[in-house]
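# Structure assessment
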Amino acid sequence: MTLYDLFVTPMQYAFMQRALVAALLVGTICAVLSCFLLVKRWALLGDAISHAVLPGVAFAYLLNLPFFFGAVVTGVLTALGISAVERHTRIKEDSAMGILFTGAFALGFVLISRIRSRAVDLFHILFGNVLGVSDADLLLTAITGAAVLAVVLLLYKELVLWTFDPMAAAAMGLPVGGLHYTLMLLLSVAIVASLQTVGIVLVVAMLITPGAVAYLLVDRMSRMIPLAVGVGIISALSGLYLSYHLNVASGPTMVLVATALFLLTMLLGPREGVVWSAIRRRRAAQQVLLEDFLKQAYLADTQGEASVERLSERLGVPVRTVTALAARLARAGLVEVRDSAVVLSAQGRQRAIELIRSHRLWERYLVDRGGVPWTDVHAEAERLEHLATAELAAQLDEALGRPMRDPHGSPIPRGAEGAREGTRRLTECRDGETVDVVEVEDEDPEVLRRLAAKGILPGVRLVVVRVEPEGVRVLADGQETVLEPALASAVLTTDGR
Amino acid sequence: MKEVPAIEVRNLTVSYRSRPAIRNVTVQIDPGLLVGLVGPNGAGKSTLLKAVVGLVLPDSGTVRIFGQPIEAVRPQVAYVPQRSEVDWDYPIVVEEVVLMGRYPHLGLLRRPGPEDRQIVRAALRQVGMEAFADRQIGQLSGGQQQRVFLARALAQEASILLLDEPFVGVDAATEETIYALLRRMREEGRTVVVATHDLSRAQTSFDRLLLLNQVLVAYGPPKEVFTPALLQRTYGGRLTLLEVADQKRVGMRP
């Protein structure tokens, strides 16, 4: 079958041409409204009004009026009735809809069963008959469509404000009641215009699904509407062609295409798609494992050797996983494997230090700001460390007042150069050494004050007289003073040469 | 000459389904004040704010904004609803939300122009949310969302700002940022009324406190009204109404 056969041959028939135009119109009108129904949570109102149209069609037939007017009247009346029930009783909107639309629907059935005529074909009203669209029907659909689109276009910003923040809309003086009824009227008119094409049962799908597809893909109304229109048109068109070639009912086929598009978006959509989310989660899990590997390799390295067996034990994964991870990191230039031991490159070392820094900062944060007991923070920080960029770590550091140690007492490495290498606490110095104070831990202002009172400040040169369990005796600026262990351990020094 | 009060509420009674929410409230709020509207849950704080902007119809009493009915001065009054009144999943980005502040100046049918967009950008800059202009509103933290709504009020160029429970779901640090913004708006001459059920900051953060529990318990500077007796009457349970009525009767005796 050629493309010509697929797309052009069906259009040789006048009824197919009319069907095509009708499908395009309905796809567009319903899609535009579907966006507002979705955000207003009125999906069920669409359902309600579409069913309530049935008695109108029957009445119109009995009174010999155009069925369009009968349908709009009962549609609008039911919508108003729902509002009235909601306002004047304790019944909530969903139940009010259920009561009134089933009532109206039943009335429609009763009337039609009374008519017993072939002129009103129940099946066509319920499920549409796009192939039987007359020129008059088409004109009517075109006019209603143009009217609906014009109103939405003119009232676009008001409709958005009202659906987003109804209170502020009212406070700004928008006629919220008017907007409410306008949207209801538009909905009724659109449903009636769609009767021939998809029928009153399936129009609900065209009033919900396109908006829902677009909602999953974009996050602003101004983009959601064109996208929904695209979905509506694609559904209507491909539904029509499919129904022609497969020789099946056209209205339901359109709805099935729309439903398929929704399912596809749900599974594959780049933002919320189930498949992508799963892939992202898997990637993130991989990343976490690689980072943990790097960190453990660094820690093992500082405590001796990072052998593959030791890493396997520390990470709780089999040796062959360790080898695979090491190979991946080696390709990235972060580690090297020598004689079944992992050696970090300078770059790998730096990354590991960043992770440790992030981990310890998070622990500090959880304890200081989150009020989490320090015994419980490790596991949490183990997850959070992977979230931190260098930038975030810097912000955390700043917000915490540049702490020196994590809640467990391990030092928090600073900057890219990592832990201040070559510094020792005053308590770790030897008798008779000359040292320079490079940093005083400032977590406890009281400690800082007392050290400052004794003249122990960064930049000061000290002579260590004696290190004893009860304190460190030092000469500072010719004065001898004793620092109790709590104070002495807060003083970081380098060799004074 | 005494200036016209920014908000003047006289003998205001509002009820929902025949249950009174606020009763006979009379208060005058002068321009340029940062006012805390405090009271327990169900005290009618939201109702009072809504009555001021004309969102609920009073059973009796009047509200005047700068001496005029609200309908005449709507663009002057910005209202920030409670968090729960807004759909945070709405497909809308920060910039578009702030742009809504321009609508009262545009009227029906007109589209916002480049000038409006400039005002919006300036408002976002003021609240420090410029970098988030393209973010969907639900992706922000509670505090950031409140700042966006403050920016909307700024874009509206309103001289009266009414906020309903802006600190719900906001952490302490962000709360401070929002207070700072509110103070700045007050310094620019705006009148700011904040409904809050949180008493902890009320004493230090506001120029005036309005204690409400269905009736107006007190209105004045925190130093004068933040007293145990008045707070007891505001928060002291269901008896309040009777007590106040009793006191009135006592007061009326010769």
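Residues numbered from 1 in each chain as written. Chains lettered and ligands numbered in written order. Predicted model: local features only at pLDDT ≥ 70, side-chain atom pairs only at ≥ 80, totals over all residues.

### Focus: the overall build of chain A
- A tally of helices and strands in chain A yields 20 helices and eight strands.
- The C-alpha atoms of chain A give a radius of gyration of 37 Å, which is well past the 23 Å a tight globule of 497 residues would have.
- Counting only C-alpha atoms and orienting by the principal axes, one finds that chain A spans roughly 115 × 60 × 35 Å.
- Pairs at least 24 apart in sequence give 65% of the contacts found in chain A among residues at least 6 apart. (Helix = DSSP H or I, 4+ residues; strand = E, 2+ residues; numbered from the N terminus. Rg over C-alpha atoms; globule rule 2.2 N^0.38 Å. Contact = placed C-beta atoms within 7 Å.)

### Topic: the environment of His386 of chain A
Residues and elements named next belong to chain A.
- If you trace the backbone, His386 turns up in the loop between α17 (377-384) and α18 (390-399).
- When the C-alpha positions of His386 and Ala284 are compared, they lie 9.1 Å apart, and in sequence the two are 102 residues distant.
- Leaving out residues up to four positions away in the same chain, His386 has contacts with Gln287, Val288 and Glu291.

### Concerning the sheet that holds strand β9 (residues 215-220) of chain B
All names here are of chain B.
- Read from one edge of the open sheet, six strands run β5-β6-β7-β3-β8-β9, paired in mixed fashion. If you trace the sheet from one side to the other, it starts and ends with β5 (77-80) and β9, each paired once. Neighbouring strand axes in the sheet, compared pairwise and without regard to direction, differ in orientation by 15° on average.
- Looking at chain direction, strand β8 (residues 208-213) and β9 are connected through five bridges and run antiparallel. The partner of Leu209 across the bridge, within β9, is Gly220. (Pairing = 2+ DSSP bridges. Axes fitted to C-alpha atoms, helices over the stretch in contact; angles between N-to-C directions.)

### Remarks on the sheet that holds strand β7 (residues 479-483) of chain A
- In spatial order, the strands read β3-β8-β4-β5-β6-β7 (chain A); together these six strands make up an open sheet with antiparallel pairing. In this open sheet, the two edge strands, each paired with only one partner strand, are β3 (424-425) and β7 of chain A.

### Notes on the interface of chain B and chain A
- Listed per partner, the contact involves 20 residues of chain B and 19 residues of chain A.
- Those elements that place two or more of their residues in the side of chain B that touches chain A are β5 and α3 (103-106) of chain B.
- Within the side of chain B that touches chain A, the residues separate by chemical class into 15 nonpolar, one polar and four charged. (Nonpolar A, V, L, I, M, F, W, Y, C, P; charged D, E, K, R; others polar.)

### Let's talk about the domain arrangement of chain A
- Here chain A is described as being made up of domain 1 (3-272), domain 2 (275-344) and domain 3 (424-495).
- The distance between the C-alpha centroids of domain 1 of chain A and domain 2 of chain A comes to 57 Å. (Domains from an automatic or database assignment.)

### Notes on unusual backbone geometry
All names here are of chain B.
- Within the chain, Asn11 stands out as a residue other than glycine whose phi angle is a positive 50°.
- Locating Asn11 in the fold gives a position in strand β1 (residues 7-16).
- The phi angle at Glu157 is positive, at roughly 55°, despite the residue not being glycine.
- Checked against the element boundaries, Glu157 lands in the loop between α5 (142-155) and β6 (160-164).
- Owing to 16 C-beta atoms within 10 Å, Glu157 belongs among the partly exposed residues under this scheme. (Buried ≥ 20, exposed ≤ 12 C-beta atoms within 10 Å, placed from the backbone.)

### Re the environment of Ala22 of chain A
Residue and element names in this part refer to chain A.
- Its location among the elements puts Ala22 in helix α2 (residues 14-40).
- C-beta crowding within 10 Å serves as the criterion here: with 27 such atoms nearby, Ala22 is assigned to the buried category.
- Each C-alpha atom, one on Ala22 and one on Asp135, is 10.0 Å from the other, the two residues being 113 residues apart in sequence.
- Setting aside residues no more than four positions away along its own chain, Ala22 makes contact with Val130, Val133, Leu138, Thr141, Gln196 and Thr197.

### Quick look at the packing of helix α14 (residues 308-315) of chain A against helix α15 (residues 319-331) of chain A
All names here are of chain A.
- The interhelical angle for the contact between α14 and α15, taken along N-to-C directions, is 105°, at an axis separation of 9 Å. By the angle class used here, α14 and α15 are roughly perpendicular. Where α14 approaches α15, its residues Val308, Glu309, Leu311, Ser312 and Leu315 are matched on the opposing element by Val319, Val322 and Thr323.
- When grouped by side-chain class, the residues that make up the contact of α14 with α15 number five nonpolar, two polar and one charged. (Parallel < 35°, antiparallel > 145°, perpendicular 65-115°, else oblique.)

### Focus on helix α10 (residues 176-217) of chain A
- Here α10 of chain A spans only 29 Å end to end across 42 residues, well under the 62 Å set by a 1.5 Å rise per residue.
- Counting buried positions over the 42 residues of α10 of chain A gives 31, a clear majority of the element. (Expected span 1.5 Å × (residues − 1).)

### Side note on the pairing of β1 of chain B
Residues and elements named next belong to chain B.
- With five bridges connecting them, β1 and strand β4 (residues 60-65) associate as antiparallel partners. Paired with Val9 across the strands is Val63, a residue of β4.
- Pairing analysis gives seven bridges linking β1 to strand β2 (residues 19-29), with the strands arranged antiparallel. Its bridge partner being in β2, Ser15 is matched across the sheet by Pro20.
- Where β1 folds back onto β2 in an antiparallel hairpin, the turn is made up of two residues, including Arg17, whose phi is positive at roughly 45°.

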